[in-house]
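# Observations on the three-dimensional arrangement
Residue strings, one per chain:
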Amino acid sequence: MTMIKSLILGSAAGLIAMSGAQAADLPVKVKAVEYVKICSLYGAGFYYIPGTDTCLKIGGFIRVDTSFNSSGVYSTPQFQGTGATNTRNKDYFVGRARANLNMDTRTATEYGVVRTFVNTQFQWSDNTDGIAGGNNEVDYAFIQFAGFTIGKAVSQFDPQWVLAHPSISSGFTGGSDQKTGIPQLAYTASFGNGFSATISAETPRPYRVAGIYDGNDSIGVPGITGYTNSIAGQQIPDFVGNLRLDQAWGSLHFAGAVHHVSASYNGLAGTATGENTGHPDDKFGYALTAGFEIKNLPTGVGDSLKADVTYANGASRYVFGGTSNVSGSGYTIFNGNGAAFGQYMDAVFASPGGVVPAADLQLSTDWGARIFYEHYWNPAWRTSLYGVYARHENTGTGNAILVNRYNAAFGGGITGDANFSIYQVGSRTAWTPVKNLTFSAEIQYAWMDTGLSGTITPTGFTNRTNPVVLGSQGTFVGQVQALRSF
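Residues numbered from 1 in each chain as written. Predicted model: local features only at pLDDT ≥ 70, side-chain atom pairs only at ≥ 80, totals over all residues. Heavy atoms only, no water.

## Here we look at the environment of Glu374
Counting through the fold element by element, Glu374 comes out in strand S18 (residues 365-376). In contact with Glu374, other than residues within four places in its own chain, are Pro166, Asp303, Ser304, Arg382, Thr383, Ser384 and Arg428. Separated by 2.8 Å, the side chains of Glu374 and Arg428 make a polar contact. (Helix = DSSP H or I, 4+ residues; strand = E, 2+ residues; numbered from the N terminus. Contact = heavy atoms within 4.5 Å. Polar contact = N/O pair within 3.5 Å; in protein donor to acceptor, adjacent residues only side chain to side chain.)

Have a look at this one:
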């Protein structure tokens, strides 16, 4: 009996063990893994976001720059700030480390492709004249749908190759150079064979307003102490239109812009002004540009030539660039006891009842031209040459107002006119030892030809006690860069 009981219990235990093992071996249904799939619809680097029909591309770069004898880290010649004084107080070199991240999404719809794009910068700078320390910025953030562009994007006035001209420096005059984008609402119509047309409304501030000077206010050294800016609040966007032709051989670009010029009120700085004092009548300025790009020149594979010319009336920043409507808009170069300076503004006027006879808005006139040539010695080495010209002119009344106020500020003795020109020539050589890693160096010479002459005593802002003779001056600027893209 005992033996039979043992056999029964043993068999039961064995059956339980077998059934447990079989239960453990049963297949369990798990969620399928969603692998990232390549999206080949929009070029290399795009992937489908898992579970969607949206394609995503993520990119960016790490860039380290050091500029020598420059106004800031953009390799701008010593035109502004402490550097322009050319004293021991200036920084002889400045550096910056920048991290860039951009994201591009594309989704095919019945209305065409819906695109979103964002480009952000995170950086550290040791520049004391500009932004010192760490900061971040959003250069581009826009949506494109059914021909519309909505958000912060490259100005429709600019040739699209402005993002890729062959230089390190972005401190150029001679044409529009808004690499950081302008808020806009634009519509583009494509007609086939690379031909397109665009119209847009773009925010004028801070990128398109050069400032307005009331000749009965005080004035200082351009780019250093500046003047009281008499601009009114922005009321009307800049209206821009362009025609483009994009082909395998290159591109053609024609554009125009209408710019609203409006002053705040008549009256001297520091006094109560308002509707009771009146204001000069508003005016409209404009700008025109034409440019081209030729790719793969006979001089070598990858060689290119880019150029544009720009004319502006009452819209100086379309020629002189810049990223803020600061009252110090202008250029100054001090060398020993010599100096050159000039102020660029959208307009000059004089309010009634001041020391300068009343005058309505006197719109400025500006010309600019730029040319860039790049030659590939081989796939790893390339060298570029470039030349830039910009000219600012005031009306006869505008010149009389400015010379009068400069004499009041600097003790008299100034003759000539306040018109001036900027010339810039330079060269960059870049080495790409491996894909997406580039080391480059650039040298540039800038020359300022001023219409002002005479002698001033600029004490109080340059640490100089000797009289300074006004006349044309030049300066060198250099930059080195390490760039890793991904």
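## A word on the environment of Phe420
Along the chain, Phe420 turns up in strand S20 (residues 414-434). Between the alpha carbons of Phe420 and Tyr331 there is a distance of 9.5 Å; along the sequence they are 89 residues apart. In this view, Phe420 contacts Phe320, Tyr331, Gly342, Gln343, Tyr344, Ala390, Arg391, His392, Met448, Asp449 and Thr450; residues no more than four positions away in its chain are not counted.

## Thoughts on the environment of Phe341
Structurally, the position occupied by Phe341 is in strand S15 (residues 338-343). Along the chain, Phe341 and Gly330 lie 11 residues apart, while their C-alpha atoms are 7.5 Å from each other. Residue contacts for Phe341: discarding those within four places in its chain leaves Pro222, Tyr331, Thr332, Tyr406, Phe410, Met448, Thr450, Leu452, Ile456 and Leu470.

## Regarding the nonpolar core
Formed by 23 residues in total, the largest nonpolar core has its most connected members in Tyr213, Leu402 and Tyr406. Those elements giving two or more residues to this core turn out to be S15, strand S16 (347-350), helix H4 (396-410), S20, strand S21 (437-456) and strand S22 (468-470). With 5 residues, H4 is the single largest residue contributor to this core. Excluding residues within four positions of it along the chain, Tyr213 makes contact with Ser218, Ile219, Tyr227, Thr228, Met345, Ala347, Val348, Phe349, Ile401, Leu402 and Arg405. Listed in part, the 21 residues of the second largest apolar core include Ala210, Val240, Phe320 and Ile333. (Core = buried A, V, L, I, M, F, W, Y, C linked by side-chain atoms within 4.5 Å. Buried < 20%, exposed > 50% of the residue type's maximum accessible area, 1.4 Å probe, protein only.)

## Here we look at the sheet that holds strand S17 (residues 359-363)
Read from one edge to the other, the open sheet built from 3 strands follows the order S9-S16-S17, with strand pairing classed as mixed. The outermost strands of the open sheet, each flanked by one partner alone, are strand S9 (212-214) and S17. Ignoring strand direction, the axes of neighbouring strands in this sheet form an average angle of 15°. Judged from the 3 bridges that link them, S9 and S16 form a sheet pairing that is parallel. Residue pairing in the sheet places Asp214 in a bridge with Phe349 of S16. With respect to the sheet, H4 is in contact with S9, S16 and S17, its orientation differing from that of S16 by roughly 70°. (Pairing = 2+ DSSP bridges. Axes fitted to C-alpha atoms, helices over the stretch in contact; angles between N-to-C directions.)

## Looking at the side chain of Thr383
Along the chain, Thr383 falls in strand S19 (residues 381-393). Polar side-chain contacts of Thr383 include one of 3.1 Å to the side chain of Thr429. Dropping the residues within four chain positions of it, Thr383 is found in contact with Tyr373, Glu374, His375, Trp377, Ser427, Arg428 and Thr429.

## What to know about H4
In this model, H4 (15 residues) spans 21 Å end to end at C-alpha, consistent with the 21 Å of a helix rising 1.5 Å per residue. Along H4, the positions that sit buried rather than exposed are Gly398, Asn399, Ile401, Leu402, Val403, Arg405, Tyr406, Asn407 and Phe410. Tucked inside the fold, the buried residues of H4 contact S9, S15, S16, S17, S20 and S21. Gly411 lies just past H4 and shows a positive phi near 85°. (Expected span 1.5 Å × (residues − 1).)

## Describing the side chain of His259
Relative to the helices and strands, His259 resides in strand S11 (residues 250-261). Residue class for His259 comes out buried when judged on its relative accessible area of 1%.

## Considerations on the state of the cysteines
Applying the stated criterion across every chain, the model contains 1 disulfide. Across the disulfide from Cys39 sits Cys55; the S-S distance is 2.1 Å. Because the sign of the S-S torsion sets the handedness, a value of about 80° for the bond joining Cys39 and Cys55 places this disulfide among the right-handed ones. You can see Cys39 sitting in the loop between helix H1 (2-24) and strand S1 (47-48) and its partner Cys55 sitting in strand S2 (residues 54-68), a full 16 residues away along the chain. In this structure, Cys39 and Cys55 share a single accessibility class: buried. (Disulfide = S-S within 2.5 Å.)

## Description of empty space enclosed by the protein
Take a probe with the size of a water molecule and roll it over the atoms, and the empty space left behind shows itself. Evaluated as defined, the whole model comprises 2 cavities of 30 Å³ or more. Taken as a whole, the largest cavity holds about 130 Å³ of empty space. As for the largest cavity, its lining consists of 16 residues, and the residues nearest its centre are Arg205, Val209, His260, Val261 and Ser262. Ranked by residues supplied to the lining of the largest cavity, first place goes to S11 with 3 residues. Grouping the constituent residues of the lining of the largest cavity by class yields 7 nonpolar, 6 polar and 3 charged. (1 Å grid on protein atoms, 1.4 Å probe; cavity = no way out; pocket = protein on both sides within 12 Å on 5 of 7 lines; lining within 4 Å. Points joined across faces, edges and corners; volume = space filled by probe spheres on them. Nonpolar A, V, L, I, M, F, W, Y, C, P; charged D, E, K, R; others polar.)

## Considering the confidence of the model for the protein chain
Here the protein chain averages 87 in pLDDT, while 87% of its residues score no lower than 70. The secondary-structure element of the protein chain with the lowest mean pLDDT is H1, recorded at 43, while strand S8 (residues 195-202) shows the highest, at 98. Counting interchain partners and residues more than four positions distant, the pLDDT-below-50 stretch residues 1-24 has 0 contacts. (pLDDT = per-residue confidence, 0-100.)

## Brief notes about the pairing of strand S4 (residues 112-126)
Sheet topology places strand S3 (residues 93-109) next to S4; 14 bridges connect them, and they run antiparallel. Residue Asp104 lies in a different strand from S4, and its bridge partner there is Phe117. In this antiparallel pair of consecutive strands, S3 and S4, the connection spans 2 residues.

## A word on a nonpolar patch on the surface
Side chains of Tyr111, Ile143, Phe145, Phe148, Ile150, Leu185, Tyr187 and Ile199 sit close together on the surface and give an oily, nonpolar patch of about 800 Å² of accessible area. Within the residue set of the nonpolar patch, elements represented by two or more residues are strand S5 (132-145), strand S6 (148-153) and strand S7 (182-192). Structurally, the position occupied by Leu185 is in strand S7. (Patch = residues over 30% accessible without salt bridge, like charges linked within 9 Å, V, L, I, M, F, W, Y side chains within 5 Å. Areas by Shrake-Rupley, 256 points an atom, 1.4 Å probe, with all protein chains shown as cover. Salt bridge = Lys/Arg side-chain N within 4 Å of Asp/Glu carboxyl O.)

## So, the packing of aromatic side chains
For the structure on display, the rule yields 27 aromatic pairs. Arranged with centres 5.6 Å apart and planes meeting at 75°, the rings of Phe172 and Phe372 form a pair that is edge-to-face. Residue Phe172 is found in the loop between S6 and S7, and its partner Phe372 is found in strand S18; the two are separated by 200 residues along the sequence. The exposure class assigned to Phe172 is buried, which follows from its relative accessible area of 4%. (Phe/Tyr/Trp six-rings, centres within 6.5 Å; stacked < 30°, edge-to-face > 60°.)

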